[in-house]
Amino acid sequence: MNAKLIDGKAIAEKVKNEVALEVQQLEAKGIQVGLAVILVGSNAASQIYVCNKIAACKKAGIQSFHHELSESTSSEELLLWIENLNRDERVHGILLQLPLPKHLNADYFLEAIHPKKDVDGLHALSLGRLAQGKETFVSCTPAGVMRLLQEIHFDCSGKKAVVVGRSNIVGKPMALLLLQQSATVTVVHSKTKNIEEEIRSADLVVAAVGVPKMVKGDWIKAGAVVIDVGINRMENGKLCGDVDFDSAAQKASYITPVPGGVGPMTIAMLLKNTLQAAKTGF
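Calculation notes
- Residues numbered from 1 in each chain as written.
- Predicted model: local features only at pLDDT ≥ 70, side-chain atom pairs only at ≥ 80, totals over all residues.
- Heavy atoms only, no water.
- Helix = DSSP H or I, 4+ residues; strand = E, 2+ residues; numbered from the N terminus.
- Rg over C-alpha atoms; globule rule 2.2 N^0.38 Å.
- Buried < 20%, exposed > 50% of the residue type's maximum accessible area, 1.4 Å probe, protein only.
- Contact = heavy atoms within 4.5 Å.
- Areas by Shrake-Rupley, 256 points an atom, 1.4 Å probe, with all protein chains shown as cover.
- Lys, Arg positive; Asp, Glu negative; His and termini not counted.
- Charge placed at Lys NZ, Arg CZ, Asp CG, Glu CD.
- Salt bridge = Lys/Arg side-chain N within 4 Å of Asp/Glu carboxyl O.
- Pairing = 2+ DSSP bridges.
- Axes fitted to C-alpha atoms, helices over the stretch in contact; angles between N-to-C directions.
- Core = buried A, V, L, I, M, F, W, Y, C linked by side-chain atoms within 4.5 Å.
- Expected span 1.5 Å × (residues − 1).

Asker: Tell me what's going on with the overall build of the chain, and back it up with residues and numbers.
Answerer: Counting its regular elements, the chain contains 10 helices and 11 strands. Radius of gyration (C-alpha) of the chain: 19 Å, near the 19 Å computed for a compact globule of 282 residues. Here the chain holds 282 residues, and 48% of them are scored as buried. Counting contacts in the chain only where the partners sit at least 6 residues apart, residues at least 24 apart contribute 72% of the total. Summing over all exposed atoms, the chain offers an accessible surface of approximately 13,400 Å²; the carbon and sulfur share of this is 52%. Of the side-chain charges in the chain, 31 are positive and 29 negative, and the distance between the mean point of each set is 3 Å.

So this is what it looks like as structure tokens:
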């Protein structure tokens with residue numbers, strides 16, 4: 001393997017330690033940082049994510065308010081929970097764990113969260129402010145990717161970046177963040193022709209499409225940086241990303257592993273956003 005590994009676990013711990021220090025400083029001023037997490041239903045993966053987030057909050061000194069609602073929770077009940085948390089002065093950030101049960105419209109409830117408590121960065125106002133280059137809460141995974149690039153001293157200015165995937169959670173905000181750093185950004189997706197050609201000319205590839213090992217090693221430009229956001233479970237039970245790691249690592253200069261790359265950064269940046277909400281908002 002020629003590529004250097006980007007250690008997301010180590011960098012996430014660095015971010016969490018930075019957050020914990022500032023949380024202590026706020027406590028000294030009488031401010032207890034608080035994050036509310038709403039989990040609707042019994043999705044096993046979501047339960048694990050929420051437990052990890054609560055544990056991370058505790059370690060950083062952030063008070064967590066965990067609300068676990070039944071699968072049959074009505075729209076009216078969930079909206080009432082969100083409205084109450086919007087008014088609760090102890091709560092600086094609200095996280096609505098996705099996915100929701102099928103009878104609940106995620107977009108509607110994300111919009112119900114007050115923008116000043118939108119620490120997941122998924123409110124339309126947050127995304128709109130990001131598009132305009134204004135200060136805002138940024139979706140945690142793309143924000144984590146930017147921190148990884150900062151840690152390896154990757155200068156986006158003038159570089160060609162290809163983002164694989166166009167979701168509201170990762171692909172679109174990722175492209176906007178890279179544009180803010182003066183990269184030339186191309187977003188490719190399921191309808192894009194000649195995806196391989198686009199990727200072959202990229203100095204930076206961010207893969208976030210949810211297709212196991214879709215990006216092949218021979219698509220990677222020699223010396224490119226490869227950030228693999230995907231996490232997929234194969235038939236043998238092992239996890240893999242959206243990039244064929246073994247072959248891509250022969251071409252890239254830096255690459256993130258799966259697991260242990262981007263994943264740990266998501267929770268770290270959630271804590272950072274919650275801290276920001278407690279300090280000033282945006």
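Asker: Which residues make up the pattern of salt bridges, and what values do they have?
Answerer: Side-chain pairs of opposite charge can arise where the charged atoms are in close proximity. Summed over the entire model, instances satisfying the criterion amount to nine salt bridges. For the salt bridge of Arg147 with Glu18, the shortest nitrogen-to-oxygen distance reads 2.8 Å. Separated by 129 residues along the polypeptide, Arg147 in helix H6 (residues 140-151) and Glu18 in helix H1 (residues 8-28) bring together distant segments of the chain. According to the relative accessible area criterion, Arg147 is buried, its value standing at 8%. Of the charged contacts in the structure, one is a salt bridge between Glu198 and Lys160, with a shortest N-O distance of 3.1 Å. One end of the pair, Glu198, is in helix H8 (residues 195-200); the other, Lys160, is in strand S5 (residues 160-164), and 38 residues separate them in sequence. On the basis of relative accessible area, Glu198 is assigned to the partly exposed category, the value being 25%.

Asker: Describe the sheet that holds S5, naming the residues involved and giving the relevant values.
Answerer: Here six strands make up an open sheet; going across it, the order is S1-S11-S8-S7-S5-S6 and the pairing parallel. Lying at the two open borders of the sheet, with one neighbouring strand each, are strand S1 (4-5) and strand S6 (184-188). Looking at chain direction, S1 and strand S11 (residues 254-255) are connected through two bridges and run parallel. Across the sheet, Lys4 pairs through a bridge with Tyr254, a residue of S11. Set on the sheet, helix H7 (residues 171-180) makes contact with S5, S6 and strand S7 (204-207); between it and S5 the angle comes to about 170°.

Asker: Tell me about the nonpolar core, and please be specific about residues and values.
Answerer: With 54 residues, the main nonpolar core has Ile62, Leu149, Leu178, Leu204 and Ile227 as its most contacted residues. Considering every element that reaches this core, the biggest residue donor is helix H10 (residues 263-279), with nine residues. Not counting residues up to four positions away in its chain, the partners in contact with Ile227 are Ile6, Val145, Leu149, Leu204, Val205, Val206, Ala207, Thr256 and Val262. If you look at the next biggest cluster of nonpolar residues, it comprises 20 residues, including Ile195, Ala202, Met214 and Ile255.

Asker: Can you lay out H6 for me, pointing to particular residues and giving the numbers?
Answerer: An ideal rise of 1.5 Å per residue puts 16 Å on 12 residues; H6 measures up with 16 Å between its terminal C-alpha atoms. Most of H6 sits out of view: 10 of its 12 residues are buried. Against the buried residues of H6 lie H1, H7, S7, strand S8 (225-228) and H10. At the exit of H6 stands His153, carrying a positive phi of roughly 60°.

Asker: With reference to specific residues and values, describe the pairing of S7.
Answerer: Residues of S7 alternate between two faces, with Leu204 and Val206 on one and Val205 and Ala207 on the opposite face, all of them buried. In terms of strand pairing, S5 meets S7 through four bridges, oriented parallel. Across the sheet, residue Val163 finds its bridge partner in S7, namely Val206. Here S7 runs beside S8; their pairing, made up of four bridges, is parallel. Paired with Val205 across the two strands is Val226, which belongs to S8.

Asker: Please give an account of unusual backbone geometry that cites residues and values.
Answerer: Cis geometry is adopted by the peptide bond preceding Pro99, which originates at Leu98 and carries an omega value of 5°. Mapped onto the secondary structure, Pro99 falls in the loop between strand S4 (93-96) and helix H4 (106-112). Within the chain, Asn194 stands out as a residue other than glycine whose phi angle is a positive 60°. With respect to the helices and strands, Asn194 occurs in the loop between S6 and H8. Owing to a relative accessible area of 47%, Asn194 belongs among the partly exposed residues under this scheme. If you check the backbone angles, Lys213 has positive phi at about 50° while not being a glycine. Of the residues examined, Lys213 reaches a relative accessible area of 33% and is grouped as partly exposed.

None of the figures reported here should be taken as evidence of function without further support.
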